[in-house]
Amino acid sequence: MSKAVDVTGLTRAFGDFVAVDHVTFDVEEGEIFGFLGPNGAGKTTTIKMLTGLLAPSSGEGHVVGHDIRTESEFIKQRIGYMSQLFSLYGDLTVDENIAFFAGLYEVSGERLEQRREWVLQMSGLTAHRKRMTGELPLGWKQRLALGCAVLHEPPILFLDEPTSGVDPVSRRNFWDLIYTLADRGTTIFVSTHYMEEAEYCHRLALMNRGRLIALDRPATLRSAMAEPILELATDDGPAAAQALQGAPGIIEAAMFGRAVHVVVDDAARATHALPALLKSRGLAVHGITPVRPSLEDVFVSLVRREGGAVIS
Amino acid sequence: MALSAQRLWAIARKEAIQLRRDLRSLGMAFVVPAFMIVFFGYVISFDVKDIRIAVFDQDRTQRSRELVQAFSASGRFQVAERLERYGDIEPMLDAGAVRLALVIPPGFQRDLGTGRTATVQAAVDGADANTASIALNYAQAIVSAYSAGVLLRATPRASPVVAQARVWYNETLSSSNMIVPGLVAMIMMIISAMLTALTVAREWERGTMEQLAATPVHPTEVIIGKLLPYLAIGLIDVSVAVFIGMFVFGVPFRGNPLLLVGMATLFLFGTLGLGVFISATIKSQLLATQIAMMATYLPSLLLSGLMFDVASMPWVLRIISNAVPAKYFIVVLRGLFLKGVGFSVLWVQGVAMVIFAFVGVSLAIRAFRKEIA
Amino acid sequence: MTTEGQADGRMGGWADGDPRPAISLRALTRKFKDLTAVDGISFDVQPGELFGLVGPDGAGKTTTLRMLSGVLRPTSGDALVGGTSVVRDPEGVKHRIAYMSQRFGLYTDLTVRENIDFYADLYRVPAAERPARLERLYHFSALGPFENRLAGKLSGGMKQKLSLCCALIHRPEILLLDEPTFGVDPISRRDLWLILHEMVAEGVTVLVTMAYMDEAERCDHVGLINRGRIIALDRPAALQKNLGGHMLAVRPSNGRQALDLLRAAPGVRRAALFGDTIHVTIESRERDWPGLEAGLRNAGVDLLDVHEIEPGLEDVFIQQVAAADAAEAAV
């Protein structure tokens, strides 16, 4: 089975600065692949190389079977792209937007008729095809944007924070559409800051400082996070968090609402030791419960382990 | 609510820092006015010198030679060609070799001697209408001066009253002397309104106004604070413009510099306030600049008395012209430049500009809303 | 409650221990032409509380916050902020609060320090107190090394931290933040939350809006807002508990097929795909699950993993929206 994306040792330097540093991964056909990382981690640079907008300094890569170094023009024609700031024209109607993007992708004639019907039906906008796009609710616009991005039936679709800002109901509807596309073999490459979006992916890649620091299923990443998290209920959270900073076996202690979330190296030992430790500072512990790490916890933990994010 | 000097100063300082880092606005603030004074000063200057003329003297008498001599002695004309045939005039004009052809008919001296009207003909190249009409005006002036002289000589006691014209304040009748002070007023009006037209609209467009509106700052503090840096720029501009007038165009400055600073401050408060008013009302940089341009350029060009005599306009325009601040500032500048008059003369304009400054700033403050939508 | 704010008289409002709320919305309404952006919202935020107003774009969060900060006039209703009416005395409100707009509202052509100084001047922070406050804010935000950098050259997360510093320089008693973590990466997002928790610990009342549910768990109380109305308001844990039913994370061999089967099956309230895992909401695990499991296996779907999970606030939101829509349809 051929890979939709396949990169080996992909590197891009800007002067002395290595934005992407020997990145190697592949994406299966029909896979929903999440691409995460803090600002400046090299996410955008990687995606620019994959979409043929930027040449790599070294390393090689193939997107839907085409070499990103020599066939970038061909790749550009075969991919779909939808960003959070999607490029629909608010002062065109739904139909006119579809016609415009069809023109860009050279979809015409009978195929255009078929695709137009498909987009309208998929986005649930058939009854609203004559309405101004700008008047539509955000969730609808997002579905229309998705439809326009796949008008030419690309084998791979790049999404950049596709559902930021939409309500959870619309987000679920949107992802249902994405799953439908993936089921039919379209590869989905999602880049995002938002863990809610990451949860929907089959696999996640995490970048930091230009390197790929983790790549696995969301559930596996969560369970593989080495450091357990304990939720601590006390009367004086801030004082407890302060007291625990730098204590042995404590990696981090920070307020989480009224509670304190303590990242520890050994859950059993910490559960045992924490009450005594705090009691010696005059702080009573009302309860310690393990917390299932969120993807954000995983993210933060991995980035911290890799020397922290680039601060700029 | 009590006004705070600290907040006002914070706004002024912030605005000054932003200006310092905004090369485009700084360029507009300092380079454009100086450039405009020089540029307009030369272009609008009504003085035309050394116009090349051709003379076809069919009379060839002492009187006709005197007239030609009067033309070349005026300094305005330079006799480039002497023609033998009437038919040579047209090709000369067409070729642009001369701008005007003077035709003195046969019997010119005889007609003058017998007291009959002697006619001379001046043919001009009308392609450049502006120069043509100026040249014609000069020609007419020279001819009438000449004929007045002839009349006086012919009948020394015929006229009991002789009108003696003497031009005051602008002895050389140089148009720069009239134009440059007026230009300073017009350019300052346009530039200052344009500069501040950006300030409030920019904050709306960049989203900084929402943050500012949620603080306890008072509209008066914002408006006055925003005006101060531009006032400083405006005063520097006026000074530069005055120096250019003096040293580039040779216009004398005879008044009190401090009075100029005082009057300019009043004038600038009004025009800068007008700009802020437009900016706060429109909330879009592009539109605000265009409206500021419209609101200042045409009135100060047409109704200020700079180019056209307001007194001879229809009454509607005359009334409107009273609301054009440049009109007063022009009087002030001409008075200071050419006459060297003091406050005792210019207080009327001073009062008008105080009113204008008050109205401009009040409008700006009233238009400034600490509210969204 | 220990607040240094009281020492310099800035707390105003209520005496310590006063039960009156820090923020009180009373049928607050704002219309824009035909659109009712905020539709008669009423709720209270207690002093020293961290309150989250959670909802999607266009739900009315920004409009509400603008009214509370005195920059937008309500069409009807009122709100008391620190005891001051936003209708009668919007300027009075501005002395008590700090507002952080959703769009970056600072001057990009001013440096970090110049922006902070500007806001310190606007709030007339005494010169003697400034160095200590600045040091504290730099400590929180790690902005110290970037003091002389133009605000426009900061990353998204740093910009938000700077906005927060400018909002906090005058020690407001009430902090109104409009999606402070929008577009910010998870690392910076954590830092921002740390600062907010510190503020709450010092007794500042914080009202923060957000579009994402995962952050809402950090709040003392959460108001879910949709189409200009509050559809649920409680402690996050209580909201999740009240959801009822059980949520199972099921990892089938064939996600798509399993999803279709589950959605069609009786007893399933909702089923949604997350990657290769389906979240299934059912009334009772004991009663409903065995039948569903058998149905899946009979259809040839293998189950690689099944475990119970706690519903997130996102699930709460979806259910509440559905309930609100159903109620509306019934009218």
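What you see is a predicted model, and the numbers here were worked out from it, not measured in a lab. (Residues numbered from 1 in each chain as written. Chains lettered and ligands numbered in written order. Predicted model: local features only at pLDDT ≥ 70, side-chain atom pairs only at ≥ 80, totals over all residues.)

Focus on the nonpolar core
Ranked by internal contacts, the top residues of the largest apolar core, which has 249 residues, are Ile188(A), Phe189(A), Val184(B), Ile169(C) and Val206(C). With 19 residues, the top contributor of residues to this core is helix α7 (residues 175-206) of chain B. If you look at the next biggest cluster of nonpolar residues, it comprises 23 residues, including Ile51(B), Phe56(B), Phe71(B) and Leu112(B). (Core = buried A, V, L, I, M, F, W, Y, C linked by C-beta atoms within 7 Å. Buried ≥ 20, exposed ≤ 12 C-beta atoms within 10 Å, placed from the backbone. Helix = DSSP H or I, 4+ residues; strand = E, 2+ residues; numbered from the N terminus.)

Overview of the pairing of strand β12 (residues 268-274) of chain C
All names here are of chain C. One ladder, built from 6 bridges, connects β12 with strand β13 (residues 277-282); its direction is antiparallel. The residue of β13 that forms the bridge with Ala271 is Val280. Once β12 ends, the chain turns through 2 residues before running back antiparallel as β13, passing Gly275 with a positive phi of about 60°. (Pairing = 2+ DSSP bridges.)

Comments concerning the interface of chain C and chain B
The interface of chain C with chain B comprises 24 residues on the first partner and 23 residues on the second. Secondary structure elements with two or more residues in the side of chain C that touches chain B: α3 (90-96) and α4 (112-122) of chain C. With 4 residues, α4(C) is the largest single contributor of residues to the side of chain C that touches chain B. Residues of the side of chain C that touches chain B, tallied by class, amount to 10 nonpolar, 5 polar and 9 charged. (Contact = placed C-beta atoms within 7 Å. Nonpolar A, V, L, I, M, F, W, Y, C, P; charged D, E, K, R; others polar.)

Regarding the sheet that holds strand β3 (residues 100-104) of chain B
Residues and elements named next belong to chain B. Taken in spatial order, the 4 strands make up an open sheet running β2-β1-β3-β4, and their pairing is mixed. The open sheet has two free edges, formed respectively by β2 (77-82) and β4 (121-124), since each of these has just one partner strand. Across this sheet, the average inter-strand angle for adjacent strands is 30°, counted without regard to direction. Summarising the sheet, strand β1 (residues 51-57) and β3 pair through 5 bridges and their orientation is parallel. Bridging across to β3, Phe56 finds its partner in Val103. Contacts between helix α3 (residues 62-73) and the sheet are confined to β1, β2 and β3, with β2 contributing the most and set at about 130° to the helix. (Axes fitted to C-alpha atoms, helices over the stretch in contact; angles between N-to-C directions.)

Structural notes on the domain arrangement of chain C
The accessible area lost on association of the parts is a frequent measure of interface size. Domain boundaries assigned for chain C yield domain 1 (4-232) and domain 2 (245-310). Here the C-alpha centroids of domain 1 of chain C and domain 2 of chain C sit 42 Å apart. (Domains from an automatic or database assignment.)

As for the interface of chain A and chain C
On the chain C side, the residues contacting the 38 residues of chain A number 35 residues. Of all the secondary-structure elements, those providing two or more residues to the side of chain A that touches chain C are α6 (168-183), α7 (195-198), α8 (218-224), α9 (237-244), β12 (250-256) and α11 (295-305) of chain A. Of all the elements, α6(A) adds the most residues to the side of chain A that touches chain C, at 5 residues. For the side of chain A that touches chain C, the per-class residue count stands at 21 nonpolar, 9 polar and 8 charged.

Section: the sheet that holds strand β9 (residues 221-226) of chain C
All names here are of chain C. The 6 strands are arranged β6-β7-β8-β3-β9-β10 in an open sheet whose pairing can be described as mixed. With partners counted over all chains shown, the strands left at the sheet margins are β6 (97-100) and β10 (229-234), one partner each. In this sheet, adjacent strand axes meet at a mean angle of 15° when their direction is disregarded. With 4 bridges connecting them, strand β3 (residues 50-54) and β9 associate as parallel partners. Among the inter-strand pairings, Phe51 is bridged to a residue of β9, identified as His221. Against the sheet, helix α7 (residues 186-201) touches β3, β7 (174-177) and β8 (205-210), its axis set at about 150° to β8.

A short note on the pairing of strand β1 (residues 3-14) of chain A
Residues and elements named next belong to chain A. Alignment of β1 against strand β2 (residues 17-28), held across 8 bridges, turns out to be antiparallel. Bridge assignment links Ala13 to a residue of β2, and that residue is Val18. In this antiparallel pair of consecutive strands, β1 and β2, the connection spans 2 residues, and Gly15 shows a positive phi of 60°. As defined by bridge partners, β1 adjoins strand β4 (residues 58-63) across 5 bridges and the pair is classed as antiparallel.

Description of the confidence of the model for chain C
Residue and element names in this part refer to chain C. Averaged over chain C, the pLDDT score is 87; the fraction of residues at 70 or greater is 94%. Considering only residues more than four positions removed or in separate chains, one finds that residues 1-16, a stretch of pLDDT under 50, has 24 contacts. Under the prediction, the complex receives an ipTM of 0.79, its pTM being 0.77. (pLDDT = per-residue confidence, 0-100.)

A closer look at the packing of helix α9 (residues 219-247) of chain B against helix α14 (residues 343-367) of chain B
All names here are of chain B. Axis separation between α9 and α14 bottoms out at 9 Å; the angle between their running directions is 130°. Here α9 lies oblique to α14, going by the angle between them. Considering how the two elements wind past one another, α9 and α14 form a crossing that is right-handed. Every residue of α14 that contacts α9 at Pro219, Thr220 and Ile223 is listed here: Val361, Ala364 and Ile365. (Parallel < 35°, antiparallel > 145°, perpendicular 65-115°, else oblique. Left-handed = near helix turned anticlockwise from the far one by under 90°.)

Points about unusual backbone geometry
In most cases, non-glycine residues show a negative phi, while peptide bonds are predominantly trans. Located in the positive-phi region is His22(A), a residue other than glycine, with phi close to 50°. With respect to the element layout, His22(A) can be found in strand β2.

Side note on helix α10 (residues 285-298) of chain C
Because an α-helix completes one turn every 3.6 residues, residues spaced three or four positions apart along the sequence face the same direction. Residue and element names in this part refer to chain C. Between its first and last C-alpha, α10 extends 19 Å over 14 residues, near the 20 Å set by a 1.5 Å rise per residue. Three or more residues of α10 are buried, namely Asp288, Leu292 and Leu296. For α10, the angular spread of the buried residues around the axis is 65°, confining them to a single face. Those residues of α10 that are exposed and aimed more than 90 degrees away from the buried face are Glu286, Arg287, Pro290, Gly291, Ala294, Arg297 and Asn298. Elements in contact with the buried residues of α10: β11 (246-252), α9 (255-264), β12, β13 and β14 (303-309). (Expected span 1.5 Å × (residues − 1). Arc of directions from axis to C-beta.)

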